[in-house]
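# Structure assessment
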Amino acid sequence: DTGVSQNPRHKITKRGQNVTFRCDPISEHNRLYWYRQTLGQGPEFLTYFQNEAQLEKSRLLSDRFSAERPKGSFSTLEIQRTEQGDSAMYLCASSTTGGGYTFGSGTRLTVV
Amino acid sequence: GESVGLHLPTLSVQEGDNSIINCAYSNSASDYFIWYKQESGKGPQFIIDIRSNMDKRQGQRVTVLLNKTVKHLSLQIAATQPGDSAVYFCAENQGAQKLVFGQGTRLTINP
């Protein structure tokens, strides 16, 4: 197991386009988290899954954002009708229940 | 709302010296804190954690101190090395392992 994997590493998109990111967690981890990090700031919680169930969503997750984890393994985060304010690093992390996080290297999104 | 913050955005130290990075938190009900190191282009990497029933915890070259009276957390790095250059974040566990991060402190090492 090579840790948490995120793809793509970088994404440049035009404003108004849809983008989708993928996260492959550590295989035995049942919890998966998405965070957003803007330059110079700490990561901000977006949402998390326990197995395939999405248990909590931040108010930061507007209706243009949707996350799924259909089989309780990998997860996708989709942003529809991207805006320049969506430019950020999107981080995925996974853990066991009660265990510590392992973060991926993130997907850096630039909306032009 | 409740937040975790840091006193200083940057810290510059001489190689071999000890580094101390500080963090203030405001949620007195928080019971678990973590320090992360983030290098450029990478995700946060766990350094050390501490629960609220402890005042101090030591790892390899790192020590975390928790002062619940003043809601203050610090990370001490002994004999700082060039590889310690990074941004350091404290984070507070707010239920179901959801973390609230502070702004971060950039640590730079002078040769």
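Anyway, here's the lowdown on the structure attached to this text. (Residues numbered from 1 in each chain as written. Chains lettered and ligands numbered in written order. Predicted model: local features only at pLDDT ≥ 70, side-chain atom pairs only at ≥ 80, totals over all residues. Heavy atoms only, no water.)

## Some words on the interface of chain B and chain A
Listed by partner, the interface residues are 14 residues for chain B and 22 residues for chain A. Buried surface at the junction of chain B and chain A, summed over both partners, amounts to about 1,400 Å²; 49% is from carbon and sulfur atoms. The tally of links from chain B across to chain A stands at one salt bridge. Among the salt bridges present, the one from E56 of chain A reaches K98 of chain B, with a minimum N-O distance of 3.0 Å. In this structure, the connection of chain B to chain A is made through four residue pairs in polar contact (both at pLDDT 80 or more). Sorting the residues of the side of chain B that touches chain A by element identifies β4 (32–38) and β10 (99–101) of chain B as the ones contributing at least two each. (Contact = heavy atoms within 4.5 Å. Buried area = accessible area lost by both parts, 1.4 Å probe. Salt bridge = Lys/Arg side-chain N within 4 Å of Asp/Glu carboxyl O. Polar contact = N/O pair within 3.5 Å; in protein donor to acceptor, adjacent residues only side chain to side chain. Helix = DSSP H or I, 4+ residues; strand = E, 2+ residues; numbered from the N terminus.)

## Some words on the sheet that holds strand β8 (residues 75–79) of chain A
Residues and elements named next belong to chain A. With antiparallel pairing, four strands are arranged side by side in an open sheet as β1-β3-β8-β7. Because the sheet does not close on itself, it has two edges, and the strands there are β1 (5–7) and β7 (65–68). If you compare each strand with its neighbour and ignore which way they point, the axes differ by 15° on average. (Pairing = 2+ DSSP bridges. Axes fitted to C-alpha atoms, helices over the stretch in contact; angles between N-to-C directions.)

## Structural notes on the nonpolar core
Residues and elements named next belong to chain B. Counting residues in each nonpolar core, the largest one holds 20 residues, and the members touching the most others are W35, L73, L75, Y88 and L107. Mapped by element, the contributors of at least two residues to this core are β2 (10–14), β3 (19–25), β4, β5 (45–51), β7 (62–67), β8 (72–77), β9 (86–93) and β11 (105–110). When near neighbours in sequence (up to four residues on either side) are disregarded, L107 contacts L11, V13, S19, I77, T80, D84, S85, A86 and Y88. (Core = buried A, V, L, I, M, F, W, Y, C linked by side-chain atoms within 4.5 Å. Buried < 20%, exposed > 50% of the residue type's maximum accessible area, 1.4 Å probe, protein only.)

## Description of the pairing of strand β4 (residues 31–37) of chain A
Residues and elements named next belong to chain A. With seven of seven residues buried, β4 lies mostly within the body of the structure. Going residue by residue along β4, you find R31, Y33, Y35 and Q37 tucked away on one face and L32, W34 and R36 tucked away on the opposite face as well. Linking β4 to strand β5 (residues 44–50), which pair antiparallel, is a turn of six residues; within it G40 sits at a positive phi near 80°. Direction of pairing for β4 relative to strand β9 (residues 88–95): antiparallel, over a ladder of seven bridges. From the neighbouring strand, R36 faces β9, where its bridge partner is Y90.

## Here's the deal with the packing of aromatic side chains
Scanning all chains against the criterion turns up 15 aromatic pairs over all chains. A ring pair is formed by F21 of chain A and Y90 of chain A, whose centres lie 5.4 Å apart and whose planes are at 40°; its orientation type is tilted. One end of the pair, F21 of chain A, is in strand β3 (residues 19–24); the other, Y90 of chain A, is in strand β9, with 69 residues separating them in the sequence. The exposure class assigned to F21 of chain A is buried, which follows from its relative accessible area of 1%. Both rings, one in Y36 of chain B and one in F101 of chain B, keep their centres 5.5 Å apart while their planes meet at 40°; by these two values the pair is tilted. Taken together, the residues span a long stretch of sequence, with Y36 of chain B in strand β4 and F101 of chain B in strand β10 at a distance of 65 residues. F101 of chain B matches Y36 of chain B in its accessibility class, with the two residues each being buried. Ring-pair connections join several aromatic residues into one group, and the members of that group are Y33, Y35, F45, Y48, Y101 and F103 of chain A together with Y36, F46, F89 and F101 of chain B. Seen from the ring of F74 of chain A, R22 of chain A lies directly overhead, with NZ or CZ sitting 3.9 Å from the centre. Of note, R51 of chain B hangs over the ring of Y32 of chain B, and the distance from its end group to the ring centre comes to 4.3 Å. (Phe/Tyr/Trp six-rings, centres within 6.5 Å; stacked < 30°, edge-to-face > 60°. Lys NZ or Arg CZ within 6 Å of the ring centre and 35° of its normal.)

## A word on the pairing of β7 of chain B
Residue and element names in this part refer to chain B. Pairing of strand β6 (residues 56–58) with β7 involves three bridges; the strand directions are antiparallel. What sits directly across from K56, in β7, is L65. A loop of three residues connects β6 with β7, the two strands running antiparallel in sequence, and R61 in this loop sits at a positive phi of about 65°. Inspection of the sheet shows β7 paired to β8 by six bridges, in the antiparallel sense. When the sheet's bridge partners are listed, L66 is paired in β8 with L73. Count of turn residues in the β7/β8 antiparallel hairpin: four residues, of which K71 carries a positive phi of about 55°.

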